[in-house]
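Inside the fold
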Amino acid sequence: MSVQEQSSEEPGGASADEPAPAGAHPRSLAEDLRARDDSSLSALLRARPDLITPVPTDLTQLATRAGTRASVIRALERLDRFALQTAEALAVTPEPAPYGTLQDLLAGDAGDPVVVEALPRAVAVLREQALVWGSDDRLRLVRTARELLAPSPQHPSPTGLGPTVAEATAGMSPGRIQELLTAAGLPTTHDAVSATESLTALFTDRARMSALLDSAPPDSLEVLSRLLWGPPYGQVTADPASRLRWLLDRGLLLPTAPGTVVLPREVALHLRAGRAHRRTEPLPPPVEPTSVHRPQVVDSTAAGQAYTALATVEELLKDWDEGGPSVLRAGGLSVRDLKRTAVALDVPEPVAAFWVELAYAAGLLATDGEADERYAATPAYDEWLELPAAERWTRLATAWLSATRTAGVVGGRDTKERTLAALGPGLDRSAAPEVRHRVLSLLAALPDGGSTSPDAVVARLHWERALRGAASADDLRSRIARWTLAEAEYLGITGRGALSAHGRALMGAPPGTPAPAPAPAAGSGTRPGAGAGDKLPVHHHRSLHHHPAPAPEPRSPAEVASAAALAGRLLAPLLPEPLDHVLLQADLTAVAPGPLRRPLADVLDVLADVESKGGATVYRFTPGSVRRALDAGRSASDLQAFLAAHSRTPVPQPLAYLIDDVARRHGHLRIGAASAYVRCDDDAVLNEIIADKRSQGLRLRRLAPTVLAAQADPATLLEGLRAMGFAPAAESAEGDVLITRAHAHRTPPRTAPEPVPDGPPAPDTTLLGAAIRAIRAGDLASTAPRKPSASDAAGSSADSGSSGGGRSGTLPRTTPAETLATMQAAVLTGGTLWIGYVNAEGAASQRVIAPVRVEGGFVTAYDHTADEVRTYPLHRVTGVAELADEQA
């Protein structure tokens, strides 16, 4: 659809590129945009960033792009429910529609005061986004939007209205239409057009229509009530019942196809008391606090959960320290590995998927790229571990806020019915960051410590994005909103369902103060002193601040970093201080009454097994865990000294005996490669091994009194003897004991996954200013009146675009001699010229210049389009024309 096509709807059919006379109604969307100020154009481009990619050459191209189907659909999807209802009402009105007609459709015959008050804001939003143009007494919906929202048999309107009488009777015979007039008590006419108009006038006259329906049989009225709110189509037999016959005879039901009838729009509106929608929703559903906690309780609860989040991510990556699960051929984590991870973290599988995806989004986890590809921690994980706890938390929280990968869809199905795996492809949902920010913003608008119900949040999101939400409790935005509330609690951004102080700071809101409530949809644009009959409010293009759910300005990286730093400073005092001691107990356990410092925690992870977690962590010492520490190169005396130095209680005797006993037997047997062998100075021990039935799988045989040979490899032999209760040690080819330490496996340097944007990014202020200047300048070049040149008459029949007076959008065409002569004359007279120019890349453009100097095959001129002095090669100028005197 082009803007020129829209202009043909107005009498006269003037071109969209010719400025309208002063005080006249705009004849096209391009003219409407041309009358707007820079602030209004900035609001349009910010609300619809797809219009600026790439920057339009002029306002005509901007208007054309704003009317394309893809752009209009995207704009409609971002409307709130009342603005969308306003557009739907405009789609069922004759065009152009006065403001009063639109208000009657939304407010009804009773004139709902809330709707009347909110309507100026909705119209301003539609006009701001270039979905509606024209003055208040001639409102026009962009044609593509009308095609999308107007009712049709294939695409019913959300209003539930059917076609008009004129549309429904378009294929009806003139004789049949005259019969309808007679049955309705109207005089016959001479043609079908006047007959249709007479029937329409009856159906839109409240008094006469009420009198007609008063005479209807009750059964006939019951039929109308069933079609009233849609769908307006019904089925009838070849011989309809009397109740249907009465309606068909008077045109209250009109046939559209054999066996199908429709309720005309005018009849439905009368029965609805003038309302286009069954339920008009001018105001957003409130998000009220369901409970209010003390802010200190919220902050401490959130801080405790934040520390748990850090511990969980550390535990996950420590478990994968030597190389994690294998990568599936199609990418991602297998169901079995996700279950194992959930068991290791002691959380449900969906929560385990969330932590895995969070570590991946923060760049702490990736694939190693080896032939047998596995997941492992990245080098960034080691750097992250060295940061203070508060900074580690802000890294996780900011990564979560901007990530488009959505852990909640793990386990679902993609469009090809394939299961979506954690860390696999297909998890990006571009709407996720926007929904997360909006959900947290709604929480920030509550009083400090206030929490609300997920249903209230979902209802508000449905209202704010009516077309996307489709009023379904299971649509993607609703599910993301519910996941956001749960994930914010896991991360410690919220506590007890309320936004914490550090969570508020992370969102960029001042700590301790709720976000400002949305501006009311009051009719601030209503003309002062207007009476009941004055229905034309005064509107302005700059109305973004009237929107109940304004789109937030995109934050720069510096602003995000500043907010994260503030959140970290608020969180740091609330996090528990790591301890440097444990409490050893006689039952071979150690109790850590709080988080431990990393060196102590690392040694205890090797020396003991974690038995339980919670407010305090309980470690259990076993022969296997002690042997693990000895294998890592620790001696018994080292272990005894370490425990004595880090325990607030004396080392219990049972624990000391356990360490000494395991150490005494550790390395008594030596294993090397024969395939493998066992040697021991005590031949009685070797006799015991050979006699044990459990050693048969190792296929041992004696080589010497102190040496056994095995068919198994050293690692299998080592594990087999340990399973039999022995404590062997591996040795090198030189006979030295091998110390087995855990080797951390790391991926090569990896970058965190980039979020998938939801359409073009919102432009910043600098880009908007530059784009508007370029559009204005291009529009000046394309619309400035030009004097006809000598070649116009000669070339007009052969080339409609050849001359300064040619059609807009075409480059001027003159000979090189004419171009040079005109340029030199303009230098002498100080005139302004319109030129066509093709740059080195072959891109053509129109420019308005004031030549200053012409020499050496170049022209130096002040370029009004670029607002600077530039030099152009004359051979790249396609043609030149003088501007009309009033523009020169």
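Before reading further, recall that the structure is shown in the block above.
Residues numbered from 1 in each chain as written. Predicted model: local features only at pLDDT ≥ 70, side-chain atom pairs only at ≥ 80, totals over all residues. Heavy atoms only, no water.

Points about helix α21 (residues 389-402)
The terminal C-alpha atoms of α21 lie 21 Å apart, and with 14 residues this matches the ideal 20 Å at 1.5 Å per residue to within 8%. Burial of α21 is extensive: 10 of the 14 residues sit out of reach of the surface. (Helix = DSSP H or I, 4+ residues; strand = E, 2+ residues; numbered from the N terminus. Expected span 1.5 Å × (residues − 1). Buried < 20%, exposed > 50% of the residue type's maximum accessible area, 1.4 Å probe, protein only.)

A few points about the side chain of Arg-65
One can find Arg-65 in helix α4 (residues 59-66). The buried charged residue Arg-65 lacks any salt bridge partner; its closest oppositely charged side chain belongs to Asp-50, at an N-O distance of 7.4 Å. (Lys, Arg positive; Asp, Glu negative; His and termini not counted. Salt bridge = Lys/Arg side-chain N within 4 Å of Asp/Glu carboxyl O.)

So, empty space enclosed by the protein
Tallied over the entire structure, the rule returns 3 cavities of 30 Å³ or more. What the largest cavity holds in volume is close to 90 Å³. Lining the largest cavity, in full, are Phe-354, Glu-357, Leu-358, Ala-361, Ala-399, Trp-400, Ala-403, Arg-405, Thr-406, Ala-407, Arg-436 and Glu-487. Broken down by secondary-structure element, the contributors of at least two residues to the lining of the largest cavity are α19 (349-361) and α21. When residues in the lining of the largest cavity are grouped by element, the largest group, 4 residues, is from α19. (1 Å grid on protein atoms, 1.4 Å probe; cavity = no way out; pocket = protein on both sides within 12 Å on 5 of 7 lines; lining within 4 Å. Points joined across faces, edges and corners; volume = space filled by probe spheres on them.)

Quick word on the pattern of salt bridges
Taken as a whole and assessed by the stated rule, the structure comprises 39 salt bridges. Between Arg-776 and Asp-38 there is a salt bridge, with the nearest N and O atoms lying 3.0 Å from each other. Here the residue Arg-776 occupies a position in helix α34 (residues 765-783), and Asp-38 occupies one in helix α3 (residues 38-47), the gap between them amounting to 738 residues. Looking at Arg-776, the relative accessible area reads 25%, which means it is partly exposed.

What about the environment of Ile-493?
By secondary structure assignment, the location of Ile-493 is in the loop between α25 (476-491) and β10 (494-495). Considered as a pair, Ile-493 and Ala-306 are 187 residues apart in the sequence and their alpha carbons are 7.5 Å apart. Contact partners of Ile-493, with chain neighbours within four places excluded, come to Trp-393, Ala-397, Trp-400, Leu-440, Ala-488, Ala-498, Leu-499, Ser-500, Gly-503 and Leu-506. (Contact = heavy atoms within 4.5 Å.)

Focus: the nonpolar core
Judged by nonpolar contacts, the single largest core of 87 residues is most densely connected at Leu-33, Leu-199, Phe-203, Leu-252 and Leu-253. Leaving out residues up to four positions away in the same chain, Phe-203 has contacts with Val-165, Met-209, Leu-212, Arg-250, Gly-251, Leu-252, Glu-266, Val-267 and His-270. (Core = buried A, V, L, I, M, F, W, Y, C linked by side-chain atoms within 4.5 Å.)

Some words on the packing of helix α22 (residues 432-444) against α25
For the pair α22 and α25, interaxial distance at closest approach is 9 Å and the crossing angle is 60°. Relative to α25, the element α22 lies oblique. The chirality of how α22 crosses α25 is right-handed. Counted together, Ala-432, Glu-434, Val-435, Arg-436, Val-439, Leu-440 and Leu-443 of α22 and Arg-477, Ile-480, Ala-481, Thr-484, Leu-485, Glu-487 and Ala-488 of α25 form the full contact between these two elements. Residues that form the contact of α22 with α25 fall into these classes: 9 nonpolar, 1 polar and 4 charged. (Axes fitted to C-alpha atoms, helices over the stretch in contact; angles between N-to-C directions. Parallel < 35°, antiparallel > 145°, perpendicular 65-115°, else oblique. Left-handed = near helix turned anticlockwise from the far one by under 90°. Nonpolar A, V, L, I, M, F, W, Y, C, P; charged D, E, K, R; others polar.)

Brief notes about the environment of Asp-372
Secondary-structure assignment places Asp-372 in the loop between β7 (365-367) and β8 (375-377). Residues Asp-372 and Ser-326 lie 46 residues apart in sequence; the distance between their C-alpha atoms is 7.4 Å.

A few points about the packing of aromatic side chains
Given two aromatic rings, their pairing is described by the distance between the two centres and the angle made by the two planes. Applying the stated criterion across every chain yields a total of 5 aromatic pairs. Both rings, one in Phe-354 and one in Tyr-490, keep their centres 5.7 Å apart while their planes meet at 50°; by these two values the pair is tilted. Here Phe-354 is found in helix α19, whereas its partner Tyr-490 is found in helix α25, with 136 residues between them in sequence. Note on Phe-354: relative accessible area 4%, which makes it buried. Between the aromatic rings of Tyr-837 and Tyr-872, the centroid separation amounts to 4.8 Å while the plane-to-plane angle is 65°, which identifies the pairing as edge-to-face. With Tyr-837 in strand β21 (residues 833-838) and Tyr-872 in strand β24 (residues 868-873), this residue pair connects regions lying 35 residues apart in the sequence. Assessed through its relative accessible area of 11%, Tyr-837 is described here as buried. Ring-pair connections join several aromatic residues into one group, and the members of that group are Phe-354, Trp-355 and Tyr-490. (Phe/Tyr/Trp six-rings, centres within 6.5 Å; stacked < 30°, edge-to-face > 60°.)

Let's talk about the sheet that holds strand β4 (residues 254-257)
By way of backbone hydrogen bonds, the strands of a sheet pair with one another, either parallel or antiparallel. Here 3 strands make up an open sheet; going across it, the order is β3-β5-β4 and the pairing antiparallel. Edge positions in the sheet fall to β3 (233-235) and β4, since each has one partner strand and no second. Adjacent strand axes in the sheet meet at a mean angle of 40° when their direction is disregarded. Strand direction decides the pairing type here: β3 and strand β5 (residues 260-262), joined by 3 bridges, are antiparallel. If you follow Gln-235 over to β5, its bridge partner there is Thr-260. (Pairing = 2+ DSSP bridges.)

What to know about unusual backbone geometry
Cis geometry marks the peptide bond from Thr-53 to Pro-54; its omega dihedral reads -10°. Looking at the element boundaries, Pro-54 is found in the loop between α3 and α4. Cis geometry is found at the peptide bond from Glu-95 to Pro-96, where omega equals 0°. Along the polypeptide, Pro-96 turns up in the loop between α6 (81-91) and α7 (99-107). Backbone geometry at Ala-273 places phi at a positive 60°, although glycine is not the residue there. Locating Ala-273 in the fold gives a position in the loop between α16 (265-271) and β6 (291-292).

Observations regarding the sheet that holds strand β15 (residues 617-620)
Spatial ordering of the open sheet is given by β12-β13-β15-β14, a layout of 4 strands whose pairing is antiparallel. The strands lining the two open edges of the sheet, one partner per strand, are β12 (583-585) and β14 (609-612). Pairwise comparison of adjacent strand axes, ignoring direction, gives a mean angle of 30° for this sheet. As paired elements, β12 and strand β13 (residues 589-592) share 3 bridges and run antiparallel to each other. Each residue of the ladder has a partner; that of Gln-585, found in β13, is Thr-589.

Notes on the pairing of β13
A regular strand places its side chains so that they alternate between the two faces of the sheet. Here β13 shows no split at all, with Thr-589 and Val-591 on one side and Ala-590 and Ala-592 on the other all buried. Remark: 3 residues form the turn of the hairpin made by β12 and β13, two consecutive strands paired antiparallel; Leu-588 in that turn has positive phi of roughly 65°. Bridging between β13 and β15 involves 4 bridges; their strand directions are antiparallel. Within β15, the residue paired with Ala-590 across the bridge is Tyr-619.

Observations regarding α3
Looking only at α3, the buried set comprises Ser-40, Leu-41, Ser-42, Ala-43, Leu-44 and Leu-45. If you follow the buried residues of α3, they end up packed against α2 (29-34), α4, α8 (113-128) and α34.

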